[in-house]
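# A look at the structure
Here's the letter readout for the chains.
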Amino acid sequence: MSRAYAWWQREIIYQIYPRSFQDSNGDGVGDLRGILSRVDYLTSLNVGAIWLSPIYPSPMHDFGYDVADYCAIDPRFGTMADFNELLVEIHRRGMRLIVDLVPNHTSDEHPWFVESRRDGDNAKSDWYIWRDPAPGGGLPNNWLSHFGGPAWTFDERRGQYYMHQFARQQPELNHRNPEVFEALLEVMRFWLDRGVDGFRVDVISLLLKDPLFRDEPPNPAWDGVRQYASLRHIHTGNLPEVHGLIRRMRALLDSRDARMMVGEVYLPNAELMRFYGGPEAPECHLPFNFQLISTPWQAGEVRAKVDAYEAALPPGAWPNWVLGNHDQHRLATRVGLAQARVATMLLLTLRGTPTCYYGDEIGLRDVALPPECWRDPVAINQPQIAHLLGRDPERTPMQWDSSANAGFAAAGVLPWLPVAGDHRTVNVAAESADPQSILSFFRALTALRRTEPALSVGAYRSIDAGTDDVFAYLRSDGGRCLLVALNFADEQTKPVLPEWLGRRGELVLSTRNGRSPTVGLDRLELAANEGILVRLPVADAGTRRRLSP
Ligand code: NOJ
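Given the structure is predicted, the values throughout are model-derived calculations rather than measurements.

Here is what the cut-offs are and how they apply
- Residues numbered from 1 in each chain as written.
- Predicted model: local features only at pLDDT ≥ 70, side-chain atom pairs only at ≥ 80, totals over all residues.
- Heavy atoms only, no water.
- Helix = DSSP H or I, 4+ residues; strand = E, 2+ residues; numbered from the N terminus.
- Rg over C-alpha atoms; globule rule 2.2 N^0.38 Å.
- Buried < 20%, exposed > 50% of the residue type's maximum accessible area, 1.4 Å probe, protein only.
- Contact = heavy atoms within 4.5 Å.
- Areas by Shrake-Rupley, 256 points an atom, 1.4 Å probe, with all protein chains shown as cover.
- Lys, Arg positive; Asp, Glu negative; His and termini not counted.
- Charge placed at Lys NZ, Arg CZ, Asp CG, Glu CD.
- Axes fitted to C-alpha atoms, helices over the stretch in contact; angles between N-to-C directions.
- Parallel < 35°, antiparallel > 145°, perpendicular 65-115°, else oblique.
- Left-handed = near helix turned anticlockwise from the far one by under 90°.
- Nonpolar A, V, L, I, M, F, W, Y, C, P; charged D, E, K, R; others polar.
- Pairing = 2+ DSSP bridges.
- Phe/Tyr/Trp six-rings, centres within 6.5 Å; stacked < 30°, edge-to-face > 60°.
- Lys NZ or Arg CZ within 6 Å of the ring centre and 35° of its normal.
- Near = heavy atom within 4 Å.
- Polar contact = N/O pair within 3.5 Å; in protein donor to acceptor, adjacent residues only side chain to side chain.
- Core = buried A, V, L, I, M, F, W, Y, C linked by side-chain atoms within 4.5 Å.
- Domains from an automatic or database assignment.
- Expected span 1.5 Å × (residues − 1).
- Arc of directions from axis to C-beta.

### Focus on the overall build of the chain
Along the chain, the regular secondary structure elements total 16 helices and 17 strands. What you see for the chain is a C-alpha radius of gyration of 24 Å, in line with the 24 Å of a compact globule of 549 residues. If you line up the chain on its principal axes, its C-alpha atoms span 80 × 55 × 50 Å. Within the span of the chain, comprising 549 residues, buried residues form 60% of the whole. Taking the contacts inside the chain whose residues are at least 6 apart along the sequence as the reference set, 69% of them involve residues at least 24 apart. Of the accessible surface of the chain, which amounts to about 20300 Å², a share of 52% is contributed by carbon and sulfur atoms. Side-chain charges of the chain comprise 57 positive and 68 negative groups, with the mean position of each set lying 5 Å from the other.

### A closer look at the packing of helix H11 (residues 337-349) against helix H15 (residues 438-451)
Look at H11 against H15: their axes get within 11 Å of each other, and the N-to-C directions meet at 15°. Judged by the angle between their axes, H11 and H15 are roughly parallel. For the crossing formed where H11 meets H15, the hand is right-handed. Between H11 and H15, the residues in contact are Ala 340, Arg 341, Thr 344, Met 345, Leu 348 and Thr 349 and Ile 438, Phe 441, Phe 442, Leu 445, Thr 446 and Arg 449, respectively. Per-class residue counts for the contact of H11 with H15 are seven nonpolar, three polar and two charged.

### Overview of the sheet that holds strand S8 (residues 260-263)
The eight strands are arranged S9-S8-S7-S3-S2-S1-S11-S10 in an open sheet whose pairing can be described as parallel. Each end of this open sheet is capped by a strand with a single partner; those strands are strand S9 (286-287) and strand S10 (320-322). Contacts from helix H7 (residues 242-254) reach strand S3 (96-101), strand S7 (198-201) and S8, with the element oriented near 155° to S8. Along the sheet, H11 contacts S10 and strand S11 (353-357); its crossing angle with S11, the most-contacted strand, is approximately 140°.

### Observations regarding the packing of aromatic side chains
In total, this model carries 29 aromatic pairs according to the counting rule given. Ring geometry for Tyr 460 and Tyr 473: centres 5.5 Å apart, planes at 50°, overall tilted. Linking Tyr 460 in strand S12 (residues 459-463) with Tyr 473 in strand S13 (residues 470-477), this pair joins segments that are 13 residues apart in sequence. The side chain of Arg 194 reaches across the aromatic face of Phe 190, ending 3.7 Å from its centre. Its guanidinium or amino end placed over the ring of Tyr 358, Arg 330 lies 4.7 Å from that ring's centre, counting from NZ or CZ.

### Here's the deal with the site of the ligand
Every one of the 13 residues lining the ligand counts as a neighbour, but Asp 62, His 105, Asp 202, His 326 and Asp 327 are closest to it. Within the contact set of the ligand, an oxygen atom lies 3.5 Å away from a side-chain nitrogen or oxygen of Glu 264. In isolation the ligand has 290 Å² of accessible area, and contact with the protein removes 97% of it. Among the residues making up the shell around the ligand, the classes are represented as four nonpolar, two polar and seven charged.

### Details of the nonpolar core
The biggest cluster of nonpolar side chains holds 134 residues, and the ones touching the most others in it are Tyr 14, Phe 21, Tyr 41, Ile 50, Phe 83, Phe 199 and Phe 471. The element best represented in this core is helix H6 (residues 178-193), accounting for nine residues. Counting contributing residues, this core receives three or more from each of domain 1 (7-104 + 178-446) and domain 2 (459-547). Residues contacting Phe 21, with those up to four places away along its chain left out, are Tyr 14, Ile 16, Ile 35, Arg 38, Tyr 41, Leu 42, Tyr 358, Met 398, Trp 400 and Phe 408. In this structure, Leu 474, Cys 481, Ala 485 and Leu 497 belong to the second largest nonpolar core, which totals 18 residues.

### Some points on helix H4 (residues 80-92)
With 13 residues, H4 extends 18 Å between its outermost C-alpha atoms, agreeing within 8% with the 18 Å of an ideal straight helix rising 1.5 Å per residue. Of the residues making up H4, those classed as buried are Asp 82, Phe 83, Leu 86, Leu 87, Glu 89 and Ile 90. For H4, the angular spread of the buried residues around the axis is 165°, confining them to a single face. Exposed residues on H4 whose side chains face more than 90 degrees from its buried face are Ala 81 and Arg 92. Packed against the buried residues of H4 are helix H2 (32-36), helix H3 (39-44), strand S2 (49-52), S3 and H6.

Next up, the structure:
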């Protein structure tokens, strides 16, 4: 059945971390011309939208999430002409471009902050969150930074503290000042006028803070490991007023054709769903759904999370799924290499828009780095828990071939992070030539998703598989129905699907080669770590149908 779905509902989003994708000019840092040289690779993945992490001028204390100019390109990444060319080439191939928008904070080198910190009486003095020291001196309150330590840094010149929930070089904008929010909308207009198709909005739920600056209460469930988790962050994020701001961003997008935003929100279902807004006052097209990243990798746990999320979605809200990004340990490291294909099949066959992190399609893993290679402030500020939280391991260069720098940079260049030791076998060239590789599997699955509406927009229903090891579900659209059965265990299993007794299905794809093309549904066997996609003889009448927004 073919209804009108927007591109951001049908297509796969592919995240590029620009520093790590392809260096074109020999400085060891990826850049826009590097991405341009790999656009055909993106096409070959059958992905429909490219999300670029920040490419704006930045002192790189947080690798671009500290923006010094929202409306320009950092020379390390190239020029505006390079950006325009990349956009044209992406569009020419029928793909879309999503850029990162970082509205919560700027770099301390942004001209707005330079002016704001000059004194307490300039045009931008109220553009950031400034507070006097506590009456007896010291920090204004107990708020903490995600990156370790207090969320306040004292500025000698103003004699005041400014707030930052991330690095101290990332002062937080004061979005309670209408001029500031208007300036942000102006930034959005700038990029929309250049033709971008959407925004990934950084920490969208954190934009407003408690106007009374009250202390945050202790977190009784704190495990004593990460200082930031010692408080319950009820005054620094997810304030109800933030939805008013998001609605205004959405209204701007809706005034243009076919644009979207995906908001970064790490919250449980009930609160997450509010970021869709309502039919009269829509907000994010997609609030990122990160929950499978932290779910124990067991069939029952994953099924419970997927079903709870599906059940919590408000009418008209479009689901989405994420298994990796530049802030999380690599997928293949979290679930293990043997399960990486199962995880890929899950991500690309659940109902809703998948976001794939560069390199996951070839099975990149975290690269353990000695302290002298650490670049991430999260690791450097908190060395004792760097192995848990440091983000360098998942940001290492893309592996294109077996040459010295894996094709990421010319031979002899020192990449900004080391290339993984496994690049001689784990790389695009080798895997493209191997029909059994995870990359070949990824391409087969994404190609299928393109042509099979049951997978891209079809309804979803999970089914009992008679074993704790298997998560099974149906995807259907019109008269077409597919069964997905994923074995999360490292041993063979025999799922039992009572409602399909006596029926046969046609094998469409397996995570491993060599299966027979017909599948007896009452004698189903899955090998260890195997996932299969089976076309069923009739449409399943019981799958949930949801209309597009
Ligand atoms: C979320 C981004 O994904 C992360 O990389 C960054 O450090 C923080 N926001 C601060 O911008």
